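Take a look at the letters that make up each chain.
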Amino acid sequence: MARGDQIYVMREFFNLQGLYEHHGIDCGDGTVIHYRKPSETVERTSLATFAQGQKIYIRNYPVSYVSDVAVRRAENRLGERKYNLVFNNCEHFATWCKTGVNYSKQIKDFIPVLSHINVDNLEKPIEQALNEGNKDNTNELLNQALADIRVAWDNIQPQYKEAIKEIETWENVAKKALKENREDLARAAIQKKLNYKKRAEELEPMLKKLATMTETLIRNQIEQQKRKF
């Protein structure tokens, strides 16, 4: 690691299964500037506080700012409290400091599964936000849409993962039953598999629509950052 490097560690993704990358800018003096959790503020902390005992990795780019510029850009945003999971998270911040582009690769994987919330209902506040002239109101509308998405993620995403898992499980059961000449069990297992497959297929169109809306939010925020900086 060296001064100006974009570094990251793996952390647990709040109450969801799996991990996420927490990013920051190495200042070269044993400190890191990053969007600290849970304060959701850009702070300079010790390397140990940033790493929390985890292995530190470096994000490399073919072209990026020199070390002093990357650190200076990070320092200029110290104290900022504009954290947003979708369009201004720790990776957005560090990538912007290093490359000038407000981007988060992890957002590609942020595809919440909606069931009780109608995806179509999220389009109106997003459309209003993108066309709204008042900056404060724009952020409020976008944050409300994000809040709805997070509620859906927390409640529904485990059900989707379970459906995918069950499809594979019952397919294996059917194959095993056929090998044992138990066609009755095979038919029952196939029916179970089809039921779970139907559930997953019902969710797929919502996933695709939400993915498109998420990308729209990201692009909009990138444009806002360009205008700001």
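Before any of the text, the structure's been laid out above.
Procedures and definitions
Residues numbered from 1 in each chain as written. Predicted model: local features only at pLDDT ≥ 70, side-chain atom pairs only at ≥ 80, totals over all residues. Heavy atoms only, no water. Phe/Tyr/Trp six-rings, centres within 6.5 Å; stacked < 30°, edge-to-face > 60°. Helix = DSSP H or I, 4+ residues; strand = E, 2+ residues; numbered from the N terminus. Buried < 20%, exposed > 50% of the residue type's maximum accessible area, 1.4 Å probe, protein only. Lys NZ or Arg CZ within 6 Å of the ring centre and 35° of its normal. Salt bridge = Lys/Arg side-chain N within 4 Å of Asp/Glu carboxyl O. Polar contact = N/O pair within 3.5 Å; in protein donor to acceptor, adjacent residues only side chain to side chain. Contact = heavy atoms within 4.5 Å. Axes fitted to C-alpha atoms, helices over the stretch in contact; angles between N-to-C directions. Parallel < 35°, antiparallel > 145°, perpendicular 65-115°, else oblique. Left-handed = near helix turned anticlockwise from the far one by under 90°. Nonpolar A, V, L, I, M, F, W, Y, C, P; charged D, E, K, R; others polar.

(A) Up close: the packing of aromatic side chains. Using the criterion set out here, one finds three aromatic pairs in the structure. Here the aromatic rings of Y35 and Y83 are separated by 5.5 Å at their centres, their planes lie at 70°, and the arrangement is edge-to-face. Separated by 48 residues along the polypeptide, Y35 in strand β3 (residues 31–36) and Y83 in the loop between α2 (67–75) and α3 (90–99) bring together distant segments of the chain. Comparing Y35 with Y83, the two get one shared label, buried. On the basis of an interplanar angle of 75° and a centroid distance of 6.0 Å, the ring pair of Y35 and F93 is categorised as edge-to-face. Of the two residues, Y35 is situated in strand β3 and F93 in helix α3; the sequence distance between them amounts to 58 residues. The pair formed by Y35 and F93 is uniform in burial state, with each residue classed as buried. Put simply, the rings of Y35, Y83 and F93 touch in pairs and so form one group of aromatic residues. Taking the ring centre of Y8 as reference, the NZ or CZ of R59 above it sits at 5.6 Å.

(B) Inspection of the pattern of salt bridges at higher detail. On inspection of all chains with the given rule, the structure shows 10 salt bridges. Among the ionic pairs, R59 bridges to E21, the shortest N-O distance being 3.0 Å. One end of the pair, R59, is in strand β5 (residues 57–59); the other, E21, is in strand β2 (residues 19–26), and 38 residues separate them in sequence. Across the salt bridge formed by R44 and E75, the nearest N and O atoms sit 2.9 Å from each other.

(C) Summary view of the side chain of H22. Secondary-structure assignment places H22 in strand β2. Owing to a relative accessible area of 0%, H22 belongs among the buried residues under this scheme. Of note is the side chain of H22, whose polar atom sits 2.9 Å from the side chain of H34. Excluding its chain neighbours within four sequence positions, the residues that come into contact with H22 are I7, Y8, V9, R11, H34, Y35, F50 and C90.

(D) Expanded view of α3. The buried fraction of α3 amounts to nine of the 10 residues, a majority that puts the element mostly inside the structure. Turning to α3, its buried residues are C90, E91, H92, F93, A94, T95, W96, C97 and K98. Between the side-chain oxygen of the N-cap and the backbone nitrogen of E91 there are 2.9 Å, and the N-cap of α3 in question is N89. Count one or two residues on from α3 and you reach G100, which has phi positive near 90°.

(E) Inspection of the packing of α2 against α3 at higher detail. One way to put it is that α2 packs onto α3 with a least axis distance of 7 Å and a crossing angle of 135°. Between α2 and α3, the angle falls in the class oblique. Crossing handedness for the pair α2 and α3: right-handed. Residue-level contacts link A70, R73 and A74 of α2 to F93, W96, C97 and K98 of α3. For the contact of α2 with α3, the per-class residue count stands at five nonpolar, no polar and two charged.

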